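Descriptive structure summary
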Amino acid sequence: MPSPAVPPGWPQLVPPPESHGWQVPAVSWLLDFCPSEYRLYAGWRRQPVALAWVTTRHIDAQLVAMRQAYREVRVELGDHLTTDGLAQVLADLEAEGVRLLAARRSAGLVYDALQGKRYVPRL
């Protein structure tokens, strides 16, 4: 039997939504993108759709912060970093932005799946 189709960007560590018990690893994966204190709240595990909802907002906020930092780093830290150091900070901010964009896509897909939306591949 072929494995169920998942949309591009679906997290590798989360089984497809048609898999039995897929929500348990989905919750763990989502919590990895939230502050560690979120693991203290049992409600997130009992209400995974709420966790996915808040996770997408948390990642969105991180993206805003990375974009702002990228825009401001030259002015704020330019006098305190070497040219190479500034280039490295900019590269790191860019890499983190790319990682967060991918995480946001994946978290959004998990959120959709937790709401019952299913991916249908196109030919």
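Up top is the structure.
Residues numbered from 1 in each chain as written. Predicted model: local features only at pLDDT ≥ 70, side-chain atom pairs only at ≥ 80, totals over all residues. Heavy atoms only, no water.

1. Describing the packing of aromatic side chains
Quick reminder of the rule: A pair of Phe, Tyr and Trp rings is counted when the ring centres sit within 6.5 Å of each other, with Trp represented by its six-membered ring. The angle between the planes then sorts it: under 30 degrees is stacked, over 60 is edge-to-face, the rest tilted. Only protein chains enter the accessibility calculation, which uses a 1.4 Å probe; a residue whose area is less than 20% of its type maximum is buried, one above 50% is exposed, and one in between is partly exposed. In this analysis the charged atom, NZ for Lys or CZ for Arg, is taken to sit over a ring once it is within 6 Å of the ring centre and within 35 degrees of the ring normal.
This model, assessed by the stated rule, comprises three aromatic pairs. Ring centres of Trp-29 and Phe-33 lie 4.8 Å apart, and the angle between their planes is 55°; this geometry places the pair in the tilted category. Overall, Phe-33 belongs to the buried group, its relative accessible area being 17%. Over the ring of Tyr-70 we find Arg-74; its NZ or CZ atom is 5.8 Å from the centre of that ring.

2. Considering the side chain of Ser-106
How we decide: A run of DSSP states H or I qualifies as a helix once it reaches four residues; a run of E qualifies as a strand once it reaches two. Both are numbered from the N-terminal end. Note on contacts: a residue pair is in contact if any heavy atoms of the two residues lie within 4.5 Å.
By secondary structure assignment, the location of Ser-106 is in helix H4 (residues 83–114). In this structure Ser-106 comes out as buried when scored by relative accessible area, which is 8%. Excluding residues within four positions of it along the chain, Ser-106 makes contact with Gly-9, Trp-10, Pro-11 and Trp-29.

3. Here we look at the pattern of salt bridges
If the charged atoms of two oppositely charged side chains come close together, the side chains can form a pair. What counts is decided by this rule: By salt bridge we mean one thing: a side-chain nitrogen of Lys or Arg within 4 Å of a carboxyl oxygen of Asp or Glu.
Under the defined criterion, the tally for this structure stands at five salt bridges. Put simply, Glu-96 and Arg-99 hold a salt bridge, and the shortest N to O gap is 2.7 Å. Of this pair, Glu-96 and Arg-99 both sit in helix H4, three residues apart, roughly one helical turn. Classification of Glu-96 as partly exposed rests on a relative accessible area of 22%. By relative accessible area, Arg-99 is classed as partly exposed at 40%.

4. Points about the packing of helix H3 (residues 48–77) against H4
Note the threshold: Axes here refer to lines fitted to C-alpha atoms; in helices the fit is confined to the stretch in contact. Angles between the N-to-C directions go from 0 to 180 degrees. Angles below 35 degrees are treated as roughly parallel, those above 145 as roughly antiparallel, those between 65 and 115 as roughly perpendicular, and all remaining angles as oblique. A crossing counts as left-handed when the near helix is turned anticlockwise from the far one by less than a right angle, and as right-handed when that turn is clockwise. Any residue outside Ala, Val, Leu, Ile, Met, Phe, Trp, Tyr, Cys, Pro, Asp, Glu, Lys and Arg is labelled polar, Gly included; the first ten of those are nonpolar and the last four are charged.
Orientation of H3 relative to H4, taken along the N-to-C sense of each, is 160°, at an axis distance of 9 Å. When the axis of H3 is compared with that of H4, the two are roughly antiparallel. In terms of crossing hand, the pair formed by H3 and H4 is left-handed. Looking at the contact of H3 with H4 residue by residue, the classes come out as 20 nonpolar, five polar and seven charged.

5. Some words on H3
Worth spelling out the cut-off: The reported bend at a residue is simply the angle between two axes, fitted to the 7 residues ending at it and to the 7 residues beginning with it.
Helix geometry: H3 is bent most strongly at Arg-71, by close to 45°. The set of residues buried in H3 consists of Pro-48, Leu-51, Ala-52, Val-54, Thr-55, Thr-56, Ile-59, Leu-63 and Val-73. The inward-facing, buried residues of H3 abut helix H1 (23–31), helix H2 (42–46) and H4.

6. Brief notes about the nonpolar core
Keep this limit in mind: We call a set of buried Ala, Val, Leu, Ile, Met, Phe, Trp, Tyr and Cys residues a nonpolar core when their side-chain atoms join them within 4.5 Å.
The biggest cluster of nonpolar side chains holds 22 residues, and the ones touching the most others in it are Trp-10, Trp-22, Trp-29, Leu-30, Leu-51, Ile-59 and Val-110. Counting only elements with at least two residues in this core, the list comes to H1, H3 and H4. With seven residues, the top contributor of residues to this core is H4. Discounting residues that sit within four places of it in the chain, Trp-29 has contacts with Pro-11, Leu-13, Val-14, Ala-103, Ser-106, Ala-107 and Val-110.

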